[in-house]
Amino acid sequence: MADLGDRNYLVLRNHGLLVCDATAAGAFRAIHQFEAACAAQVDAMACGNDLLLPADDIVQRSVERRQRAAARATPVALHWPAMLRMLDRRDPSWRD
């Protein structure tokens, strides 16, 4: 836990990703988004060009906007039911 500190996301070298959340739904949402972000970065790096990173002020504004949006509606409350519907479409027997 020392490596994780006060964070909820950790990349384990040669072992994958680790996320922490108070609920299973929250952890599922976090790992789903974390894996998508990592896949996007790997795809971008595979192009062989230098990556263009946004300026610090743009990153900070994005963080602030996300925090305000999360304060209005819990993202997990929207995401978890959608993920369950997706699972139902893919394999209705998963609930058995």
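Residues numbered from 1 in each chain as written. Predicted model: local features only at pLDDT ≥ 70, side-chain atom pairs only at ≥ 80, totals over all residues. Heavy atoms only, no water.

Student: Go over the pairing of strand S1 (residues 9–12), please, and point to the residues and values.
Tutor: Of the strand pairs in this sheet, S1 and strand S2 (residues 16–19) are connected by 4 bridges, and their pairing is antiparallel. Bridge pairing in S2 places Val 11 opposite Leu 17. The hairpin turn running from S1 into S2, its antiparallel successor, is 3 residues long, and Asn 14 in that turn takes a positive phi close to 65°. (Pairing = 2+ DSSP bridges. Helix = DSSP H or I, 4+ residues; strand = E, 2+ residues; numbered from the N terminus.)

Student: I'd like a description of the packing of aromatic side chains, backed by residues and values.
Tutor: Enumeration according to the criterion identifies 2 aromatic pairs in this entry. Judged by centre distance (5.1 Å) and plane angle (80°), the rings of Tyr 9 and Phe 34 are edge-to-face. Taken together, the positions of Tyr 9 in strand S1 and Phe 34 in helix H1 (residues 24–46) put the pair 25 residues apart, joining distant regions of the chain. Given a relative accessible area of 41%, Tyr 9 falls into the partly exposed group. Centre to centre, the rings of Phe 28 and Trp 80 are 5.6 Å apart; their planes meet at 75°, and the pair counts as edge-to-face. (Phe/Tyr/Trp six-rings, centres within 6.5 Å; stacked < 30°, edge-to-face > 60°. Buried < 20%, exposed > 50% of the residue type's maximum accessible area, 1.4 Å probe, protein only.)

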